[in-house]
Amino acid sequence: MVDESSNGINGSGNLLPLTSLRTINSSDNMSMHTTQTQGYVPISAKGHKDSVYALTMNESGTILVSGGTEKVVRVWDARSGSKTLKLRGHTDNIRALLLDSSGRYCLSGSSDSMIRLWDIGQQRCVHSYAVHTDSVWALASTPTFSHVYSGGRDFSLYLTDLQTRESSLLCTGEHPILQLALHDDSIWVASTDSSVHRWPAEGCDPQKIFQRGNSFLAGNLSFSRARVSPEGSTPVPVYKEPTLTILGTPAIVQHEVLSNKRHVLTKDASGSVKLWEITKGIVVEDYGKVSFEEKKEELFEMVSIPAWFTVDTRLGSLSVHLDTPQCFSAEMYSADLNIVGKPEDDKVNLARETLKGLLAHWLRKRKQRMGSPAPANGELLSGKETASRSSTHSRIEVDGSSENDAMVYPPFEFSVTSPPSIITEGTHGGPWRKKITDLDGTKDEKDFPWWCLDCVLNNRLPPRENTKCSFYLQPCEGSSVQILTQGKLSAPRILRIHKVVNYVIEKMVLDKPLDSLSAEGSIAPGLTGSQSQHQAVGDGSFRSGFQPWQKLRPSIEILCYNQVLSPEMSLATVRAYVWKKSDDLVLNYRLVQGR
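Residues numbered from 1 in each chain as written. Predicted model: local features only at pLDDT ≥ 70, side-chain atom pairs only at ≥ 80, totals over all residues. Heavy atoms only, no water.

Glancing now at the pattern of salt bridges. Scanning the model with the defined rule gives 17 salt bridges in all. Here Arg 262 makes a salt bridge to Glu 277, at a shortest N to O gap of 2.6 Å. In this pair, Arg 262 sits in the loop between strand E20 (252-257) and strand E21 (263-268) while Glu 277 sits in strand E22 (residues 273-277), placing the two residues 15 residues apart along the sequence. Both residues of the pair, Arg 262 and Glu 277, belong to the buried class. Note that Asp 584 is salt-bridged to Lys 488, the shortest N-O span being 2.9 Å. In this pair, Asp 584 is assigned in the loop between helix H9 (571-579) and strand E35 (585-591) and Lys 488 in strand E31 (residues 488-492), connecting sequence segments 96 residues apart. According to the relative accessible area criterion, Lys 488 is partly exposed, its value standing at 34%. (Salt bridge = Lys/Arg side-chain N within 4 Å of Asp/Glu carboxyl O. Helix = DSSP H or I, 4+ residues; strand = E, 2+ residues; numbered from the N terminus. Buried < 20%, exposed > 50% of the residue type's maximum accessible area, 1.4 Å probe, protein only.)

So, about the pairing of strand E5 (residues 72-77). Each regular strand displays side chains that alternate between the two surfaces of the sheet. Across the 6 residues that make up E5, a large majority, 5, are buried. Across 5 bridges, the pairing between strand E4 (residues 63-68) and E5 is antiparallel. Bridging across to E5, Ser 66 finds its partner in Arg 74. What sits between E4 and E5 in their antiparallel hairpin is a turn of 3 residues, with Lys 71 showing a positive phi close to 70°. (Pairing = 2+ DSSP bridges.)

Quick look at the layout of surface pockets now. Looking at the largest pocket, its volume works out to about 1300 Å³. Forming the walls of the largest pocket are 42 residues, and the residues nearest its centre are Leu 318, Ser 319, Val 320, Pro 420 and Ser 421. Elements that contribute at least two residues to the lining of the largest pocket include exactly E21, E22, strand E25 (319-321), helix H3 (350-358), strand E28 (421-425) and helix H6 (450-458). For the lining of the largest pocket, the element with the highest residue contribution is E28, accounting for 4 residues. Within the lining of the largest pocket, the residues separate by chemical class into 23 nonpolar, 12 polar and 7 charged. (1 Å grid on protein atoms, 1.4 Å probe; cavity = no way out; pocket = protein on both sides within 12 Å on 5 of 7 lines; lining within 4 Å. Points joined across faces, edges and corners; volume = space filled by probe spheres on them. Nonpolar A, V, L, I, M, F, W, Y, C, P; charged D, E, K, R; others polar.)

A separate point is the packing of aromatic side chains. Evaluation of the coordinates by the stated rule reveals 7 aromatic pairs. Ring geometry for Trp 308 and Phe 309: centres 4.8 Å apart, planes at 85°, overall edge-to-face. For the pair formed by Trp 308 and Phe 309, the shared burial category is buried. Taken together, a centroid distance of 5.1 Å and an interplanar angle of 20° make the contact between Tyr 561 and Trp 579 stacked. You can see Tyr 561 sitting in the loop between strand E33 (556-560) and strand E34 (563-564) and its partner Trp 579 sitting in helix H9, a full 18 residues away along the chain. According to the relative accessible area criterion, Tyr 561 is partly exposed, its value standing at 46%. These aromatic residues form a ring-pair network of at least three members: Trp 362, Trp 432 and Phe 448. Its guanidinium or amino end placed over the ring of Tyr 287, Lys 295 lies 4.0 Å from that ring's centre, counting from NZ or CZ. (Phe/Tyr/Trp six-rings, centres within 6.5 Å; stacked < 30°, edge-to-face > 60°. Lys NZ or Arg CZ within 6 Å of the ring centre and 35° of its normal.)

Our focus in this paragraph is helix H4 (residues 360-369). Inspection of H4 places Ala 360, Trp 362, Leu 363, Arg 366 and Lys 367 among the buried residues, and these make up the whole buried set. Along the axis of H4, the buried residues cluster in a sector spanning 160°; they form a single face. (Arc of directions from axis to C-beta.)

Turning next to the environment of Arg 369. Here Arg 369 shows up in helix H4. Counting along the chain gives 72 residues from Arg 369 to Gly 441, while the straight-line C-alpha distance between them is 7.1 Å. Once residues lying within four places of it in the same chain are set aside, the contact partners of Arg 369 are Asp 440, Gly 441 and Thr 442. (Contact = heavy atoms within 4.5 Å.)

As far as function goes, none of this settles anything; it's purely spatial.
Below is the structure:
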């Protein structure tokens, strides 16, 4: 932690630029260097042919020891980076290393389940200890290097006397042990369950543990389990419960983005399966410990929406990545999102609304600092910005046309009790990370990507691809029904089949057809969109003089590959699940018999 008085650093938690270097000198003062040109040039220690899993160094910093997938312990001169020697003996990956203060003795733990004590001066293995039944991942020694604590994949923590080879099982958990830290008479244990446990260790006098009994002699051979104990039985743990537990959240270990591109199914380390809503940043369903694969199949929907984000869980939490312009490729109708107070046929851009929700707090604070009255419900556009929006309407793509577009709607409101963090890099600034509720409106606009600001401040989106779907509309074979439209049609990818039905009915008139389009705009030959107001079709208001069956509003079916399509399917869904080809989609229409 750095005080507010130290080097003028703000103590409010602002992140330092990653280009800064912090060094601690012998007087414990912290100094800052904002440039790297005069910084320390690292020494490369080249020689490993594969992954390095473990490093350790002596107190004076002259000897460096490394290990990894080559199964050998490498010793380096830390001052020059040159190789000194190799120590061979392990038969699998080396996962943990310790050096004593003098740099003479080294302990290594390996995936071959063995712990080995090396004399670097003599360049040989002095002792080997068969204590564990599986990989050794963590080591910690007493200050005098007389005893070693070890843990790993077998869930067990052992204490071993390096001289007498006497060993004792301290405790057994439910998860593999990843790290150990000895502190006074306690040892902290970090395992794969994300909680940290403190166990008694008698670090000052480890012999007290052996005096309790249940100890054994460590064998020399891997997996031999050559234990000599009075009872000749499996060791009993010395301790049953930790003295303290710092609870952690179980890490997410598996995830699946569902086909609706708004929900992500996850499974955590405890086996719990949950459903997240990306546009809210919260868990909407907790299914408990159920089968992940079965739940994934149960939640499957036959819908096709472009991938507008990517997800990773490498840190054990859900990270959602948005990149321009791909993130703006997904749209849904407001009716499908259950947005009240917005025309049901309005197209809603998922990324744009999500960004508005994420930055609603920042925008409110920004307006307050600029002297504007605080808006309700995260209203975004100021008067000046609204004027800017209208003046650029003709030459720049502006998403939406309703005045209500300045609102943050419920499907995109983020929690303030458990707010997500934003990690980003500005147009001119460096990377930064903050919770959305910590954004106080002081961030300069250069701290945000320009495309993000253009979206939330000016309502503008970059040019996008794949928002339209081209298709042909033809009568079924043997059908007597004809429409007065020829050639290729173009419509939004999210257009529903029932709108295509309305279009067919409209174009079936026998006299001069109505030049009307669907409310979504642009089902018409060769049209890709229009800014004019379109007349809705399919409302049954046909003129007199038509045939009787036309007055009764005929029932039309739309087919693809002879499969009758559901009226609620979108063109994108038909293309993805029925058509399944890269060519332009071909739809057929016919009059339903007997109606």
